[in-house]
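# Analysis of the macromolecular model
These are the residues of each chain, in order.
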Amino acid sequence: MATASRSKRRQKGGDEAAVRERILEAAFAAFRKSGYATASTLEIATRARVSKRELYALVGNKQEMLIACISERAKRFDVPADLPVLRNRQTLERVLASFGTKLVREISDPTVIAVFRLAISELSHAPEVARALNSIGREASRAALRKIMAAAQASGLLTGRPAELAEQFAGLLWRDLMVSLLLGVAERPNPREIAGRARDAAAAFLQLHPLPNGATA
């Protein structure tokens, strides 16, 4: 009996997770179509094929749906726990290039660009969209970069404040790509272009920050 009970609980949990994902997909589709301020919970529930009661129970209100949508995407920017020990500049350059590739690949995804456009278009009616995107989505990538820079600083490979170093690398990585994507005047770069952009940014960043005096590469 106990085994059957646990199996039922696992099945129920899996079913709820699938329904929750469906709700979030429906919510984002509704936000893109109608705008965050205009989209109704009834529209979202109808799209997700659930009752409003189930919608509130599994996700919450409209703002909680938006935060959940952004949070799910933000998880992709975590720095892996097995980050290589940064003993030399070559390893640091590889780590920066790898993370830069991941960052551009994820953020240039059309769905993510749509989130940024949504935040901009709803700024006057629903400023909480931009606040959520900044505090959850953008902060995830900034925190990950700061972690890499702090590790490099601790290893004696860089000097400076990790937050400022992270911002500099991000600037070299993106240049004007984000603005061009938001305006729709540039195509999303292909995987080879993304990897090349990240390698160039890592190399340029290290040229701007030579080794401290007395340190070895």
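See the structure shown above.
Residues numbered from 1 in each chain as written. Predicted model: local features only at pLDDT ≥ 70, side-chain atom pairs only at ≥ 80, totals over all residues. Heavy atoms only, no water.

### Observations regarding the pattern of salt bridges
This structure, assessed with the given rule, holds 4 salt bridges. Ionic pairing is found between arginine 47 and glutamate 43, a salt bridge with its closest N-O pair at 3.5 Å. Placement of the pair is arginine 47 and glutamate 43 together in helix H2 (residues 41–48), with a separation of 4 residues, close to one helical turn. We note a salt bridge from glutamate 139 to arginine 142, for which the minimum N-O separation is 3.3 Å. (Salt bridge = Lys/Arg side-chain N within 4 Å of Asp/Glu carboxyl O. Helix = DSSP H or I, 4+ residues; strand = E, 2+ residues; numbered from the N terminus.)

### Thoughts on the packing of helix H7 (residues 127–154) against helix H8 (residues 162–174)
Taken N-terminus to C-terminus, the directions of H7 and H8 make an angle of 115 degrees; their axes are 8 Å apart at the nearest point. The two elements H7 and H8 cross, and the hand of that crossing is right-handed. Mapping the contact onto sequence places Arg142, Leu145, Arg146, Met149, Ala150 and Gln153 in H7 and Pro162, Ala163, Leu165, Ala166, Glu167, Phe169 and Ala170 in H8. A per-class count over the contact of H7 with H8 returns 9 nonpolar, 1 polar and 3 charged. (Axes fitted to C-alpha atoms, helices over the stretch in contact; angles between N-to-C directions. Left-handed = near helix turned anticlockwise from the far one by under 90°. Contact = heavy atoms within 4.5 Å. Nonpolar A, V, L, I, M, F, W, Y, C, P; charged D, E, K, R; others polar.)

### A closer look at the packing of aromatic side chains
Per the stated rule, a full pass over the model turns up 2 aromatic pairs. Over the aromatic face of tyrosine 36 sits the side chain of lysine 62, whose NZ or CZ is 5.1 Å from the ring centroid. (Phe/Tyr/Trp six-rings, centres within 6.5 Å; stacked < 30°, edge-to-face > 60°. Lys NZ or Arg CZ within 6 Å of the ring centre and 35° of its normal.)

### What about helix H6 (residues 110–121)?
With 12 residues, H6 extends 16 Å between its outermost C-alpha atoms, agreeing within 8% with the 16 Å of an ideal straight helix rising 1.5 Å per residue. Capping the start of H6, aspartate 109 holds a side-chain oxygen 2.8 Å from the backbone nitrogen of threonine 111, two or three residues further along. (Expected span 1.5 Å × (residues − 1). Polar contact = N/O pair within 3.5 Å; in protein donor to acceptor, adjacent residues only side chain to side chain.)

### A few points about the environment of glutamate 72
Tracing the backbone through its elements, the reader meets glutamate 72 in helix H4 (residues 62–74). Between the alpha carbons of glutamate 72 and glutamate 21 there is a distance of 9.9 Å; along the sequence they are 51 residues apart. The contact partners of glutamate 72, leaving out residues within four places of it in the chain, are Arg20 and Leu24.

### Some remarks on the side chain of threonine 101
By secondary structure assignment, the location of threonine 101 is in helix H5 (residues 89–107). At 2.8 Å, the side chain of threonine 101 forms a polar contact with the backbone oxygen of alanine 97. Beyond its immediate stretch of four places on either side in the chain, threonine 101 contacts Ile194, Ala195 and Ala198.

### Notes on H7
Here H7 contains 28 residues, and its C-alpha end-to-end distance of 38 Å stays within 8% of the 40 Å for a straight helix at 1.5 Å per residue. The sharpest bend along H7 reaches about 45 degrees and sits at glutamate 139. The set of residues buried in H7 consists of Val129, Ala132, Leu133, Gly137, Ala140, Ser141, Arg142, Ala144, Leu145, Ile148, Met149 and Ala152. Where H7 terminates, the next one or two residues include glycine 156, which has phi positive at roughly 80 degrees. (Bend = angle between axes of the 7 residues up to and from the residue. Buried < 20%, exposed > 50% of the residue type's maximum accessible area, 1.4 Å probe, protein only.)

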